[in-house]
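If you want the building blocks of each chain, they are given just below.
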Amino acid sequence: MASSEQVKKQLEQLTQCTKEEERYDGPKFSPPLYVQRYQQVCEEIKGCGLEIKQIADFGCAECKLLQRLKYLRGVQRLVGVDIDRNLVDWNQNRLKPILSDFIHRRETPLCVQLFCGSVVEYDQRLANMDAITLVELIEHLHVETLAALPNMIFQQLQPSLVIVTTPNKDYNVLFKDLKGMRHWDHKFEWTRQEFQNWCNVIAAKFSYLVRYSGVGDPPPGSESVGRCTQIAVFVKNKQQLRKSLMIESRPYELIASFDYPYEPKPHWETQLLLEMQYYVCFLCKQYEIERQQLEADEGSGGEVTACVKIPLKKLLLFPKISKHCRDVEELRKFILSTKQWVLDGKGCSILITLDTIQESHFFDNGFHVGNGCEENTGTDEAFLTSGSNLPLPEEEELWT
Amino acid sequence: MDYNGIEQQLAGCGRGGRGAAILRALQQPTRRPVSASDAPEKPGISTPAATAAPPMSSGLMGRGGLLASLAASHASSISIQQPTFQPVAVATPRQQQVAATGATPMGRGALSQAAPPSGVGMQISAGHQEALQRLSSGGRGIMLPDMGRQSISNGMAAPTPASASVQKDTIRTQVSPPVKEMQQLKLNEPVIMRGNAGVSVPVVANYLRVGVQPNMGLFEYHVAFVPEADSKNVRFKIMRSLQESLGEARTFDGSKLFLPHRLPQQFTTYQALHPITNEPVEVKIKFITQRAPGECINFFNILLRRLMRIMEMVSVGRHYYDPRNPAHIPQHKLEVWPGYITAINEFEGGLMLNTDVSHRVLRTQTVLEILFDLIRRCGSERLRDEATKVIVGCVVLTRYNNRTYRVDEIDWGKNPLSTFVNHQGEATSFRDYFKMHHDLSIQDLEQPLLLNRPKKRDIQEGGTELICLVPELCYMTGLTDAMRQDFRIMKDLALHTRVTPMQRRASLRQFVKNVNECTAAREKLQQWGLHLEGDLVNLDGRQLPPEDIIVGGGGTIRGTKECDWNRSLVHHPMLSVVNLTCWSVFYTKNDSGKANDFVAALCRLAPSMGMAVAAPQRLQLRDDRTDTFVRTIRENIRPELQMVVVVCPTARDDRYSAIKKLTYSEMPVPSQVINARTISQAGKLNSVTQKIALQLNCKLGGELWAVKIPLKDLMVIGIDVYHDAACKGRSIAGFVGSTNATITRFYNQVAFQAPGQELIDGLRICLTRQLREYSKINHSLPSKIIIYRDGVGDGQLAAVGSHEIAHLSEAFVSFGAYSPQLAVIVVQKRINTRIFSIQNHSQLDNPPPGTIVDHTITRRDWYDFFLISQHVRQGTVSPTHYVVVHNSTTLQPDHMQKLTYKMTYLYYNWPGTVRVPAPCQYAHKLAYLVGQHIHKEPSEHLANRLYYL
């Protein structure tokens, strides 16, 4: 029977399959190697110059790469595939839309799906991927699976971009206490030569261009062993068009699917109108406090009305306004077209009469009797600071 | 039995020995089990006299007795066959606190006969010098039932506030309690304190009954693995493999297992395979006990949260919201998410779900955007001040890890290129960190960083002491105080958040429907034998008649349904008036016209309200700078001056603070600050002036109106606490107590609480001064004291009910043989309870002021009631929850409720009823003024008038 010590270690290995390089006595990586790996994959996708809308990650395990990929500009569909159902099931929460995804909605849709399945089985739901990543996957595959993989990825799925990462066996000499391979489940580890041979054959056969990089720089003096993780980036030859396979096949089990909230950008005029409303309000508060009141040029019936004057120039200081209107003239035109505001005689400022401002700073002492109904805008103190009592208009405000 | 032991020993400690005894008990949390030699003293806890007391005695007595008898029936080691009043002699010095126990039955027993003889008490504490000194004859008996509770809660640090549930906890913490006793616990009777005054009215409350299927419940088991499985993960995996035998519904924490059903045998053994080694493992499951529904509240609430997630709600803070249907308020860059507040608890009427519609306000700007907007609005030189005002204290949401942080400070010396030491001990810049770990590129490298100081608890759990946040990556959340005071924002928000009773019910019904129609959610509940009943509970409420308002000149204003006498008020003189003979008005040149108009209006209108107003000294200021105001006012304050009126050109906080600091602390004289705009409209000038006249009279020490108070020798005290928003670590308590029979004159004090100091020390001093003032005015001390205490959360109820009261009553000692009847009522206004009145055709409306509900939805283990005292015109009214945490008065529940209702009439800044008793509202206002503006103790010279209105 295995001792509990061994079991513990195995379990740790099971659950921490992405962090094996950190466990050995040897060069330490900062940030951890797996973070560097993910970051490099992201950079490769961003820098490939292709339009990448759909990405599949085989061997997604803890789903951490997918978690990063969802912030990639332009991505609309992410698919994670892993053979270990439980692992994916436990980690699916990582990919759920979080609060900020709901508040700051994307401009384009995004669907994230997780499947349980094998990399060498064809599933039509993965047919249109633009990019496929195989991060630290191939070294876990048995010989026959590995043999079937190139055909599956490069022939059947044919994405424009394929990124493969795997340990660099040359580097292992730097891990002093490492015996055998870096992870108990590794079926093999390749030297740079072995990996590049494998990749070059694939590139030639399926008409891809391949280049190599890596992460995990060796310490000074050991440059000859290369980087700890080797990366191959395959880009499909442009001449070759994707041949769509018409096979009806859905062997993968869908474990989770998340649709991210999104909201297309509104028309610029709508945007500008909303920004104007916000900033006019925003500036009013300041003017109220500093009391730059003016007497209106022509009050009704000679009565003097107190006004706040907001110069258009001041509004143009805000980039969210100036990006739509280059100068005062354009802004003036826009304001006149909305008919929401009144301009002064010269047309250089918006006039807000105090009545429209409402008596927001009416009291001398800021506190309002909590007589009103409670507006249940939440009771959590963390979100809404003290007090949920609201002043009721025209009620206590008269109680100076 | 450990805790039982402490509890009994402390149960009735006399006033003198209490502090020392509790301290000692707290210092030795693990006491040796009660030894045999302690046993004879046990009768101390049982109080047959109390239980035998007339049923009409105070609520607390009933409970005290109940508690005692329960304790007696559960703790098998306690024998109560021979109730004895004979005190037990002090055995050893070490057991002095035990000796005090002996006094308990004495005090308590005597209590039911109102005046406990002091002789015995003296004799008991004789061995205790300290106690002897502090002891005032006769006073201690009254406190005793509560002492008992206090000791329980202190000794146990029990989270559940009530005596009966504390009892449960006590039993639960014992090592392997006998099952029989556990089941007896379910029989604990809820505390029922009902009144019957007023007219019965049918109401609906936002509570849903939770049905528990018979034969199901929460069954606790202990699980052992052979051979032992160390890793929690392995244990979970093994348990998962037993799903077929155990069922899908289970919770397992590694050793404790809960199932919704009883396994047929006491001991059950299952065979399983180790998930990694594939070796056989034996799983031994032992039945421990069945938990009563009241003990499973936490579990039910966790279950409820799971349901919300199943229904795709997103948690923000403590509650769940629907992110798919937000209301947008783009002109303020706000969003409002609808959601629900839910909490299952065991109430007087059984297990129920309290649910309410809730709205969460979220903002769509990053902190960096706000910073830039501020620069553009007010220039970069004022940025720091403005930013501190707008951002510090706010809660921000980070976009990378879905967490929220409170901004405690802005560090202007740092920027994203500043470095920090990561957990590997290396220095990394914030820019590099976010790039590498979150693939986020920070654009603005000159922005300052926000600092968050985690709570002590989080640091202890391994968190860092300071968290830096990058403004660009933080979104603002919630509303700031400034936004809350902005009418435009609140008006636009109200469109979405203000919900009528009908809308509220519809949306709560929809919630229940959603749960019951969602298969996954319903099944989740059914697995545990629970189901939600389809509709909100119907109840009988009572409505108290409106009070008549007594005004000056012998006049009376008949009470109306709306409890609003704004219009009638100006036709009557004020109840008692201080004439304004010597006063000054300060104004700037711009406002001189307005100031003159105001003075003219005041001189014209005040006489009809009974107030004579002489012409003031008028002082025009050179400019509107704050120090001009302060200097001129200071130069013109003379001893005979009654009132300073300042017309301010704008509502600026710093100027207001400076004026108030000067007039309320440095050179005490009542002051009235008027915003020039308030008196700028000729059409409104009259009504504004009338109101200012009322306020002036209050500040001069006059009274505006009164209601009939049937109690004699009564003193009512309101306490509220202001917590400094800037988090300086100190709180300020307002302490406002009445000094006359009609509860219309008040003595006003504040107590500062320094960090690490207990608030209660300040309150005790306040109470002493309050009593002194009362006796100076009335030449006697009050025989009844009612304290309304605001600002107490649910978790602190027990502490207030015992610890605070014990401290407070020490104030009585300095008045010799004085032991007034005392009631302490906690006032809770931020609650999720809603009560609607049923109109014709099952339409719902807000109940009128005076509506009371004191059963079914009230706390199971407290003497409490809900009262709606205020009238609202829009939205849903929010009832106020009153918990009588201590009561040694002879007042019936009816009296308590009526008195509370009357108190809501007496807030002079509002010609109508308010949400809380007036003394509480005064205390709030006072604490706020001091905390927000004055920052030091206001002058004693002003303490006998409502100068802070």
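Residues numbered from 1 in each chain as written. Chains lettered and ligands numbered in written order. Predicted model: local features only at pLDDT ≥ 70, side-chain atom pairs only at ≥ 80, totals over all residues. Heavy atoms only, no water.

**What about the overall build of chain A?**
A count of helices and strands for chain A gives 12 helices and 12 strands. A burial count over chain A gives 55% of its 400 residues as buried. When the accessible surface of chain A is split by element, carbon and sulfur atoms take 51% of a total near 17900 Å². (Helix = DSSP H or I, 4+ residues; strand = E, 2+ residues; numbered from the N terminus. Buried < 20%, exposed > 50% of the residue type's maximum accessible area, 1.4 Å probe, protein only. Areas by Shrake-Rupley, 256 points an atom, 1.4 Å probe, with all protein chains shown as cover.)

**Structural notes on the overall build of chain B**
The secondary structure content of chain B amounts to 30 helices and 38 strands. The buried share of chain B, reckoned over its 949 residues, is 59%. A total of about 37200 Å² of accessible surface is found on chain B, and carbon and sulfur atoms cover 51% of it.

**Some points on the sheet that holds strand 19 (residues 467–469) of chain B**
All names here are of chain B. With antiparallel pairing, the three strands of this open sheet are ordered in space as 15-18-19. A single partner strand is all that each edge strand has here, and the edge strands are strand 15 (409–411) and strand 19. Within the sheet, the average angular offset between the axes of one strand and its neighbour, ignoring direction, is 35°. Pairing between strand 18 (residues 449–452) and strand 19: three bridges, direction antiparallel. Paired with Asn-452 across the strands is Ile-467, a residue of strand 19. (Pairing = 2+ DSSP bridges. Axes fitted to C-alpha atoms, helices over the stretch in contact; angles between N-to-C directions.)

**Focus on the nonpolar core**
Generally speaking, soluble globular proteins have nonpolar side chains that are buried together. In terms of nonpolar packing, the biggest core is built from 108 residues, with Trp-583, Leu-602, Trp-705, Tyr-788, Tyr-922 and Tyr-948 of chain B touching the most fellow members. The leading source of residues in this core is helix 30 (residues 918–934) of chain B, at 10 residues. (Core = buried A, V, L, I, M, F, W, Y, C linked by side-chain atoms within 4.5 Å.)

**Re the pattern of salt bridges**
All chains considered together, the criterion is met by 52 salt bridges over all chains. Where Arg-377 of chain B meets Glu-386 of chain B, a salt bridge forms, and the shortest distance between an N and an O atom there is 3.8 Å. Residue Arg-377 of chain B shares its accessibility class with Glu-386 of chain B, and that shared class is buried. Salt-bridge contacts for Asp-761 of chain B lead to Arg-764 of chain B; the nearest nitrogen and oxygen are separated by 4.0 Å. One end of the pair, Asp-761 of chain B, and the other, Arg-764 of chain B, are both in helix 27 (residues 759–778), three residues apart, so they sit about a helical turn from each other. Look at the salt bridges and you will find they share partners, linking Glu-43 and Lys-46 of chain A together with Lys-435 and Asp-439 of chain B into a network. (Salt bridge = Lys/Arg side-chain N within 4 Å of Asp/Glu carboxyl O.)

**Focus on the sheet that holds strand 5 (residues 256–259) of chain B**
All names here are of chain B. Spatial strand order, 4-5-3-7-6: five strands in an open sheet with antiparallel pairing. Looking along the sheet, the strands with just one partner apiece sit at the ends: strand 4 (251–252) and strand 6 (267–273). Pairing analysis gives four bridges linking strand 3 (residues 218–226) to strand 5, with the strands arranged antiparallel. Directly across from Phe-219, in strand 5, lies its bridge partner Leu-259.

**Brief notes about the side chain of Gln-672 of chain B**
Its location among the elements puts Gln-672 of chain B in strand 28 (residues 671–675). Side-chain polar atoms of Gln-672 of chain B contact the side chain of Gln-695 of chain B, separated by 3.3 Å. (Polar contact = N/O pair within 3.5 Å; in protein donor to acceptor, adjacent residues only side chain to side chain.)

**Considering the packing of aromatic side chains**
All names here are of chain A. Summed over all chains, the structure comprises 45 aromatic pairs over all chains. Seen in terms of ring centroids, Phe-195 and Tyr-212 are 6.3 Å apart; in terms of plane orientation they differ by 70°. Their pairing is edge-to-face. Highlighted residues: Phe-195 in helix 7 (residues 192–206) and Tyr-212 in strand 6 (residues 208–215), separated in sequence by 17 residues. For Phe-195, a relative accessible area of 0% corresponds to the buried category. (Phe/Tyr/Trp six-rings, centres within 6.5 Å; stacked < 30°, edge-to-face > 60°.)

**Here we look at helix 23 (residues 592–605) of chain B**
Residue and element names in this part refer to chain B. With 14 residues, helix 23 extends 20 Å between its outermost C-alpha atoms, agreeing within 8% with the 20 Å of an ideal straight helix rising 1.5 Å per residue. Among the residues of helix 23, Ala-595, Phe-598, Val-599, Ala-601, Leu-602 and Leu-605 are the ones counted as buried. Projected onto a plane normal to the axis of helix 23, the buried residues spread over an arc of 165° and lie on a single side. Next to the buried residues of helix 23 lie strand 25 (583–588), strand 26 (617–621), strand 27 (643–648), strand 28 and helix 26 (682–700). (Expected span 1.5 Å × (residues − 1). Arc of directions from axis to C-beta. Contact = heavy atoms within 4.5 Å.)

**Topic: the confidence of the model for chain A**
Residues and elements named next belong to chain A. Taken as a whole, chain A shows an average pLDDT of 78; of its residues, 76% reach a score of 70 or greater. A low-confidence stretch, residues 291–305 (pLDDT under 50), is modelled with 23 contacts involving residues beyond four sequence positions or located in other chains. In the model, residues 356–400 has pLDDT below 50 throughout and makes 167 contacts with residues more than four positions away in sequence or in other chains. (pLDDT = per-residue confidence, 0-100.)

**Things to note about helix 11 (residues 232–241) of chain B**
Along helix 11 of chain B, the residues that are buried comprise Val-234, Arg-235, Ile-238 and Met-239 of chain B. Looking down the long axis of helix 11 of chain B, one finds its buried residues gathered within 135° of arc, a one-sided arrangement.

**What to know about the confidence of the model for chain B**
All names here are of chain B. For chain B, per-residue confidence averages 79 on the pLDDT scale, and residues scoring 70 or more make up 79% of the total. Overall, residues 1–186 carries pLDDT values under 50, and its contacts beyond four positions in sequence, including any with other chains, amount to 280 contacts. What the predictor reports for the complex is a pTM of 0.72 with an ipTM of 0.74.

**Quick notes on the pairing of strand 27 of chain B**
All names here are of chain B. Counting buried positions along strand 27 yields six of six residues, so the element is predominantly enclosed. Across the two faces of strand 27 the burial is the same, with Met-643, Val-645 and Val-647 and Val-644, Val-646 and Cys-648 all buried. Pairing of strand 25 with strand 27, which is carried by four bridges, proceeds in the parallel orientation. Across the sheet, the residue bridging to Ser-584 is Val-644, located in strand 27. With five bridges connecting them, strand 27 and strand 28 associate as parallel partners. Pairing of Val-646 across the sheet is with Val-673, part of strand 28. At this point the chain moves from strand 27, through helix 25 (residues 653–666), to the parallel strand 28, and the crossover so formed is right-handed. (Right-handed = clockwise from strand over helix to strand, strands pointing away.)

**Quick look at the pairing of strand 3 of chain B**
Pairing between strand 3 of chain B and strand 7 (residues 280–291) of chain B: nine bridges, direction antiparallel. Bridge assignment links Val-226 of chain B to a residue of strand 7 of chain B, and that residue is Glu-282 of chain B.

**Some words on unusual backbone geometry**
Negative phi is the rule for most residues except glycine; trans is the rule for most peptide bonds. The omega torsion across Val-226 of chain B and Pro-227 of chain B is -5°, close enough to zero to call that bond cis. Despite not being glycine, Gln-158 of chain A has its phi angle at roughly 50°, a positive value. By secondary structure assignment, the location of Gln-158 of chain A is in the loop between helix 6 (143–157) and strand 5 (161–167). Looking at Gln-158 of chain A, the relative accessible area reads 3%, which means it is buried. Here the phi dihedral of Cys-563 of chain B falls at roughly 55°; this positive angle occurs in a residue that is not glycine. With respect to the helices and strands, the residue Cys-563 of chain B is situated in the loop between strand 24 (556–557) and helix 22 (566–569). Residue class for Cys-563 of chain B comes out buried when judged on its relative accessible area of 3%.

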